[in-house]
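# Inside the fold
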2 protein chains.
Amino acid sequence: MQTSEQRPMTTFRVARDAPPGSVRQESSSATAPAAGPHSFEGRLLRALLHAFGDPPVQFALWNGERVQAGSEDPVATLHVPDRATLIQLCRDPDVQFGELYSVGKIQVEGDLGRLIEVLYQGAARPGRNSIWALRRLGQWLHRRPSNTLHGSRENIHHHYDIGNEFYSLWLGSTMAYTCAYFPTPETTLDEAQLAKFEHVCRKVQLRPGQHVVDAGCGWGGLALYMARHHGVKVTAFNISREQIAYARERAKADGLDRHVEFVEDDYRNIRGSYDAFVSVGMLEHVGVENYPALGELIRRCLKPTGLGLIHTIGRNRWKPMHRWIDRRIFPGANPPSLKQMMDIFEESGFSVLDVENLRLHYAKTLDWWWRLYEQSRDQVARMFDENFVRMWRLYLAGSRAAFVTGEMQLFQVVFAPGTSNNVPMTRQHLYRS
Amino acid sequence: MQTSEQRPMTTFRVARDAPPGSVRQESSSATAPAAGPHSFEGRLLRALLHAFGDPPVQFALWNGERVQAGSEDPVATLHVPDRATLIQLCRDPDVQFGELYSVGKIQVEGDLGRLIEVLYQGAARPGRNSIWALRRLGQWLHRRPSNTLHGSRENIHHHYDIGNEFYSLWLGSTMAYTCAYFPTPETTLDEAQLAKFEHVCRKVQLRPGQHVVDAGCGWGGLALYMARHHGVKVTAFNISREQIAYARERAKADGLDRHVEFVEDDYRNIRGSYDAFVSVGMLEHVGVENYPALGELIRRCLKPTGLGLIHTIGRNRWKPMHRWIDRRIFPGANPPSLKQMMDIFEESGFSVLDVENLRLHYAKTLDWWWRLYEQSRDQVARMFDENFVRMWRLYLAGSRAAFVTGEMQLFQVVFAPGTSNNVPMTRQHLYRS
């Protein structure tokens, strides 16, 4: 058996002009007929599949038995090596699939990306998944550090400070770790990240000489782009020490350190008065309970004629973060629904000018990241270990599937003080070449 | 004294390329110094002005006394002919200003549009207007027919069935009674209404042969445009008998009656399965309590690959409709905040793709309507009476001021079923000429 995690990168086929979700791994023999559905294991697994909306997925057990929900060709086969693994999976599939996959106990034969897509699609079917929903809720209530000033530092450190070198393997030259913007199907990742920077700059109508605050600036790519291409001064905040160190070095190397100040501090300590407020990929870590205070902070620091933009992963309707992602990847992250986001704007008197949902752009971005990641998998294995390689693969594949299936959204919201008429009449200026 | 309502149309100056809010009436002698601030009337009026945030407005009383809040040049002078009028105004200024202006008891010297703007701006100042806010709330609780099936018919009849001839005097050739879209400052009203139709069609990506449902179709302009220019079949709903009769005649005259069906019925009775759902200017009359049911209705009638658009007057944050407007003009109307609008989408599993705030386009639209209205004021007086002329002028001037000052918003929201990938990647296609 050749499982996907052992296959070389060349087995990815990418059709550039196909719709997002077109990254494919070659499927080998995932179409073997199911057998032995009446054993105890078979009944247990059928119940599990049913709770997930009967997705076209096959289990291959240690005893040769194969179990699947219907007669549809499975997109992937999950190899379960022993009964203990099976019990562990069924006990809490949301978390344990990730755990067992990461340590190599469960192996996936076939298309990992499609596997997670059909799991999301099954769970989205009306009336499904109710027994797990309850359990998820209970476990959500016992979760880890909240986004207090200290909690945020802990949470952010967990994800972003695992090494700039690791991220540089697969984020591309911009080191932008947020959804890119692909104006055409031919746009490359690096081009799309620059196009995203430009899209953001246009949305807040930057003019030379203005002063911008960037809340949660990552490795500083957007801040540096703004200074270089729009002649503005930028003050950029981030609590990730590694990212700030990297950004400062880059600013110096690019001769932009007099135009961009990188501050290692929490967004809650932003002071001053700015022509534009931008925040790309920070809101996910802010916590819904802090939205009114964030709105109040922006109200204080944005000039009456200023424009603001928040770019964030979101949801069509709130639900807790996937528990495995919360445990292993992004502790404390919480993508909001638009309704929740309005708590930032409504109480502080802002006017929402423009909302753009870039979900399919994130699917494409994650196509790229996953592909580049697989090209570097040997380096990643040397930096960490094989378990980390699998864990991070699952995270990238799962995130991609979440955006492909509509499980997750990407919102860019532009806003202004409610009494300001310094707002664009149309959005034509965003689309000039 | 020459009051604005007696002046001929030629006193409007319109700078076409100036920002919205540039319609001006010539101000005559509104700058006479204030006097007698210590009389009982003076103190009462100062208290009134203070409750409205000390706007630059002057009162001229029957006894020659002039009262204003500060030293700023007033934008207009309100002539109060006797003590009874003054008491009536102070008792409930929100409603009574409209009532007294309509019957000609209070006359406005100066710029009526600017007058209402400074009133809105004053009221928007933090900490102002609290004593009136309480009173408003109380009176809001005792209001008229809600938007039940029967109540909606009554409410809609009140406003839309006062005569197609009247509306045709000032709406322009499209008879579109909703915010237009002005791609350039030179765009005329008729062009801007057609541009709005096209903007809507592009946002829902119409293709020839598709079937569209139009909920609350007004005089049918958009439905006919869709059939003519995009080759689609349209089923259009409206409970205004006069509007439906007009729309049917127009469809016949244009040879489009086999492509567009006008149904005199409530949106709640929409049945069928459509490629697109559009609703332009109906949500204001739906009532927030009916939003989840509206979402559910759209979910039932929109194909899994369909796109929807709702165009509505809205607010940055909910507050009750202006009470005079609710009483005299639009009973039962209730423009939502975006947060409230999300009740349509979130529970029914829709994904919000695009929100555009066209507030300043509505200010421009109302500039046009008001101007055309004043050109027809003699005809309006013959159709109704002078009180109606003044009432409707106040409504148009007040609405324009509400959009100029940010008191009101105009939201266009595009949405799709949450699992559909049949959504545009970018919005570039909206801006092709």
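Just so you know, these numbers come straight off a predicted model, no measurement behind them.

### Remarks on the pattern of salt bridges
All chains considered together, the criterion is met by 48 salt bridges over all chains. For Glu198 of chain A, the salt bridge goes to Arg202 of chain A, with nearest N and O atoms at 2.9 Å. You can see Glu198 of chain A and its partner Arg202 of chain A sitting in helix H8 (residues 189-203), 4 residues apart, about one turn around the helix. Accessibility expressed as a relative area gives 19% for Glu198 of chain A, which makes it buried. When its relative accessible area of 21% is taken as the criterion, Arg202 of chain A is described as partly exposed. We note a salt bridge from Arg427 of chain B to Asp354 of chain A, for which the minimum N-O separation is 2.8 Å.

### Considering the relation of the copies chain A and chain B
Here the second copy of the chain follows from the first by a rotation about an axis and a shift along it. Overlaying chain A on chain B yields an RMSD of 0.0 Å, the required transformation being a rotation through 180 degrees with an accompanying axial translation of 0.0 Å. On the angle and the small slide along the axis, the relation comes out as a two-fold axis. The overlap is high: 100% of the interface residues of chain A also sit at the interface in chain B, so the same surface is used on both sides.

### Focus: the nonpolar core
Ranked by size, the top nonpolar core spans 151 residues in total, and within it Trp170 and Trp392 of chain A together with Trp170 and Trp392 of chain B carry the most contacts. Here Trp170 of chain A is in contact with Tyr177, Leu189, Trp369, Leu372, Tyr373, Trp392 and Leu396 of chain A, once residues within four sequence places are set aside. Residues Phe237, Val263, Leu302 and Leu338 of chain B belong to the second largest nonpolar core, which totals 60 residues.

### Concerning the sheet that holds strand S3 (residues 57-61) of chain B
Consider a sheet: its strands pair through backbone hydrogen bonds, and that pairing is either parallel or antiparallel. Residues and elements named next belong to chain B. Taken in spatial order, the 4 strands of this open sheet run S4-S3-S5-S6, and their pairing is mixed. Lying at the two open borders of the sheet, with one neighbouring strand each, are strand S4 (66-68) and strand S6 (107-110). Pairs of neighbouring strands in the sheet enclose a mean axial angle of 25 degrees, with direction left out of account. Looking at chain direction, strand S5 (residues 76-80) and S6 are connected through 4 bridges and run antiparallel. Note on S6: the bridge partner recorded for His79 is Gln107.

### Considering the interface of chain A and chain B
Opposite the 42 residues of chain A that make contact, chain B presents 42 residues. Three residues, Glu346, Met425 and Arg427 of chain A, lead the burial of chain A against chain B; their summed loss comes to 20% of the area buried on that side. The tally of links between chain A and chain B comes to 35 residue pairs in polar contact (both at pLDDT 80 or more). Put simply, the parts of the chain that give the side of chain A that touches chain B at least two residues each are helix H13 (338-345), strand S12 (350-357), helix H14 (359-375), helix H16 (386-405) and strand S13 (409-417) of chain A. Tallying contributions element by element places S12 of chain A first for the side of chain A that touches chain B, with 8 residues.

Cut-off values and rules
- Each chain carries its own residue numbering, running from 1 in the written order of its sequence.
- Lettering of chains starts at A and numbering of ligands starts at 1, both following the order in which they are written.
- A pLDDT threshold of at least 70 governs which residues receive local features in this predicted model, and a stricter bar of 80 or more applies before side-chain atom pairs are shown or counted, although totals over entire chains, interfaces and linings include all residues.
- Only hydrogens and water are removed before side-chain values are computed, so all heavy atoms of the structure are retained for them.
- Salt bridge, as applied in this entry: a Lys or Arg side-chain nitrogen positioned within 4 Å of an Asp or Glu carboxyl oxygen.
- Each helix corresponds to a stretch of at least 4 residues labelled H or I by DSSP, and each strand to a stretch of at least 2 residues labelled E; elements are numbered beginning at the N terminus.
- The rule is simple: take the accessible area with a 1.4 Å probe, protein chains only, and divide by the maximum for that residue type; under 20% is buried, over 50% is exposed, in between is partly exposed.
- When the copies are overlaid, the least-squares fit takes in C-alpha atoms only where the residue has pLDDT of at least 70 in both copies.
- By the convention used here, residues are in contact when the closest approach between their heavy atoms is within 4.5 Å.
- Here the nonpolar core consists of buried residues drawn from Ala, Val, Leu, Ile, Met, Phe, Trp, Tyr and Cys, with membership extended through side-chain atoms lying within 4.5 Å.
- Pairing between strands is defined by DSSP: at least two bridges between the two strands are required.
- An axis is simply a line fitted to the C-alpha atoms; with a helix, the fit covers only the stretch in contact. Between two such axes, the angle follows the N-to-C directions and lies from 0 to 180 degrees.
- A simple way to read buried area is as the amount of 1.4 Å-probe accessible surface that goes missing from two parts once joined, with both sides added.
- Any N or O atom pair separated by 3.5 Å or less is treated as a polar contact, with the protein-specific requirement of one donor-capable and one acceptor-capable atom, and with residues adjacent in sequence counted only for side-chain atom pairs.

Function-wise, these values are silent; they only describe arrangement.
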